[in-house]
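What follows is each chain in one-letter form.
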Amino acid sequence: MAGCVALERALRALGVVMFVAFLAPGAALAQDNEDSIRAKQDVLWSRMQDSIRRIVQQTDAVVGLAILDLTDRRSFYMNADAVYPTASTIKIAVLGELYRQHVSGRGAKLDDLYTMDPKDIVGGEGVLGMLTPGVSKLTNRDLAALVVSLSDNSATNVLIERVGMDNVNAWLANLGLEQTRLRRLMMDVNAAREGRENTATPRELVTLLQALYEGRLLDEATTKELIDLLSAQKMSYIGRLLPVDLKVANKPGNLDGVRNDAGIVFCPGRPFAIAVMVTFARDDLEAERSIARIARAAWSYFDRFGKSSPLGRIVR
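Here is what the cut-offs are and how they apply
- Residues numbered from 1 in each chain as written.
- Predicted model: local features only at pLDDT ≥ 70, side-chain atom pairs only at ≥ 80, totals over all residues.
- Heavy atoms only, no water.
- Axes fitted to C-alpha atoms, helices over the stretch in contact; angles between N-to-C directions.
- Helix = DSSP H or I, 4+ residues; strand = E, 2+ residues; numbered from the N terminus.
- Parallel < 35°, antiparallel > 145°, perpendicular 65-115°, else oblique.
- Left-handed = near helix turned anticlockwise from the far one by under 90°.
- Contact = heavy atoms within 4.5 Å.
- Nonpolar A, V, L, I, M, F, W, Y, C, P; charged D, E, K, R; others polar.
- Expected span 1.5 Å × (residues − 1).
- Buried < 20%, exposed > 50% of the residue type's maximum accessible area, 1.4 Å probe, protein only.
- Salt bridge = Lys/Arg side-chain N within 4 Å of Asp/Glu carboxyl O.
- Arc of directions from axis to C-beta.
- Phe/Tyr/Trp six-rings, centres within 6.5 Å; stacked < 30°, edge-to-face > 60°.
- Pairing = 2+ DSSP bridges.
- Core = buried A, V, L, I, M, F, W, Y, C linked by side-chain atoms within 4.5 Å.

Novice: Would you take a moment to explain the packing of helix α2 (residues 91-104) against helix α8 (residues 220-230) for this structure?
Specialist: For any two helices packed against each other, one specifies the inter-axial angle together with the distance between the axes. Following both chains from N to C, one finds α2 and α8 inclined at 155°, their axes separated by 11 Å at the closest point. By the angle class used here, α2 and α8 are roughly antiparallel. At the point where α2 passes α8, the crossing takes the right-handed sense. Counting all contacts with α2, which are made through L95, G96, Y99 and V103, the residues of α8 involved are T222, E225, L226, L229 and L230. Counted by class, the contact of α2 with α8 contains 6 nonpolar, 2 polar and 1 charged residues.

This is the structure we're talking about:
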């Protein structure tokens, strides 16, 4: 009897071994396919990097950039931890704090009313100063729309006063961002001369955009509202050479010698976050073209992978 039990156990063990041996080739084949797919992806990723490096090399300015694949978290950074002036790109942080306060139920609300006051007009881009003083009323949501669609500096300053500059910076610090800071109102040249400049790094801007995309900043509905708002941006260096129907949620910025843009590019099946910051530019138009070319090079990679099968066949 003991011999029969031992024989039965041995046969069972042999069966397990044979079953594992039967599965092993399939598992090995799957791993080989995965490695092959990754190798093809690596080729195109490397070519994208090379293309962008050539664009940066041809740009008569200091360029920093960060690109993050929002699907597999692969990233590409160049001078991404250097600190740059943000210009209007800092308005992403102002809007983020406005929407955060609205969701939390403490502080500013999107439906709070503002009555146009001439003392708030600072010039530069925007239309707030064209409205009738003491009569025209807008909600904070309306002001946010002006901030994005027309980069309205006066509307931005009203929102900064309403949400609080310190609150914006505290929120950024809580996100782990050390260099992205709001230190002055829009058009405050004296503050800039004193060294109180609004700053960020490309890496931190992409980190902020990633958190927004992943829904870690706001609830689902408000996340969608803010992304849709940023997608209404009328001026875009990132989107200049991209398909006109491609959704891009971004905020550019410009000062003399400075051009920036940061946003989420919603390539179907392969969205990515990108921030390009250019400073010490001798030719501002060239700087804008460089941002557009960098974004185009990145898009070429993500677009192909988003609409292709793992083997590289385009599947529409």
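Novice: Help me understand the side chain of S290 in this model?
Specialist: Assignment of secondary structure puts S290 in helix α9 (residues 284-306). In contact with S290, other than residues within four places in its own chain, are I55 and T59.

Novice: Is there a simple way to explain helix α7 (residues 202-213) in this structure?
Specialist: The α-helix advances 3.6 residues per turn, and as a result positions three or four apart in sequence lie on the same side. With 12 residues, α7 extends 16 Å from end C-alpha to end C-alpha; this agrees with the ideal 16 Å at 1.5 Å per step. Burial within α7 is extensive, with 9 of its 12 residues counted as buried. Buried residues of α7: P202, E204, L205, V206, L208, L209, Q210, A211 and L212, and no others. Positive backbone phi, at 75°, marks G215, one or two positions downstream of α7.

Novice: Even after reading the chapter, I still don't get the pattern of salt bridges, so can you show me in this structure?
Specialist: Proximity of charged atoms lets side chains of opposite charge pair with each other. A full pass over the atoms with the stated rule returns 20 salt bridges. Between R282 and D60 there is a salt bridge, with the nearest N and O atoms lying 3.2 Å from each other. Of this pair, R282 sits in the loop between β9 (272-279) and α9 while D60 is found in the loop between α1 (2-58) and β1 (62-69), placing the two residues 222 residues apart along the sequence. Between K119 and D120 there is a salt bridge, with its nearest N and O atoms 3.1 Å apart. Classification of K119 as exposed rests on a relative accessible area of 65%. A residue is classified by how much of its surface remains accessible, and D120, at 17% relative accessible area, is buried. Several salt bridges share partner residues, and in doing so they unite R240, R259, D284 and E288 into one network.

Novice: When you look at α8 in this model, what are you seeing that I'm missing?
Specialist: Residues T222, T223, L226, I227, L229 and L230 constitute the buried set of α8. Take α8 and look down its axis: the buried residues cluster within an arc of 160°, on one side only. Seen from the open side of α8, the exposed residues pointing more than 90 degrees away from its buried face are E220, A221 and K224. If you follow the buried residues of α8, they end up packed against α2, α3 (140-149), α7 and β7 (248-255).

Novice: How do you make sense of the environment of M165 when you look at a structure like this?
Specialist: You can see M165 is positioned in helix α5 (residues 165-174). Its relative accessible area of 23% is what places M165 among the partly exposed residues. Taking the C-alpha atoms as reference points, M165 and L185, separated by 20 residues in sequence, lie 8.8 Å from one another. Filtering out sequence-adjacent residues up to four positions away, M165 remains in contact with I160, L182, R183, R184 and L185.

Novice: I'm lost on the packing of aromatic side chains in this one. Help?
Specialist: Geometrically, a pair of aromatic rings is defined through the distance of the ring centres and the angle of the planes. Per the stated rule, a full pass over the model turns up 6 aromatic pairs. Here the aromatic rings of F272 and F302 are separated by 4.3 Å at their centres, their planes lie at 10°, and the arrangement is stacked. Placement of the pair is F272 in strand β9 and F302 in helix α9, with a sequence separation of 30 residues. Using a relative accessible area of 0% as the deciding quantity, one classes F272 as buried.

Novice: Mind showing me how you'd approach the sheet that holds strand β8 (residues 258-265) here?
Specialist: Taken in spatial order, the 5 strands of this open sheet run β2-β1-β9-β8-β7, and their pairing is antiparallel. Each end of this open sheet is capped by a strand with a single partner; those strands are β2 (75-78) and β7. Adjacent strand axes in the sheet meet at a mean angle of 5° when their direction is disregarded.

Novice: Where do I start with the nonpolar core in this structure?
Specialist: Generally speaking, soluble globular proteins have nonpolar side chains that are buried together. Ranked by size, the top nonpolar core spans 53 residues in total, and within it L95, L98, L128, L159 and L226 carry the most contacts. Excluding residues within four positions of it along the chain, L128 makes contact with Y114, M116, I121, L138, L143, L146, D152, S154, A155 and V158.

Novice: Explain unusual backbone geometry to me, please; I cannot follow it from the model alone.
Specialist: Leaving glycine aside, a negative phi is the common case for residues, and trans is the common case for peptide bonds. Phi is positive for N79, close to 50°, though the residue is something other than glycine. Of note, N79 is situated in the loop between β2 and β3 (84-85). Owing to a relative accessible area of 46%, N79 belongs among the partly exposed residues under this scheme. You will see that A87, though not glycine, has its phi angle at about 55°, which is positive. Position of A87 relative to the elements: it lies in the loop between β3 and α2. Of the residues examined, A87 reaches a relative accessible area of 6% and is grouped as buried.

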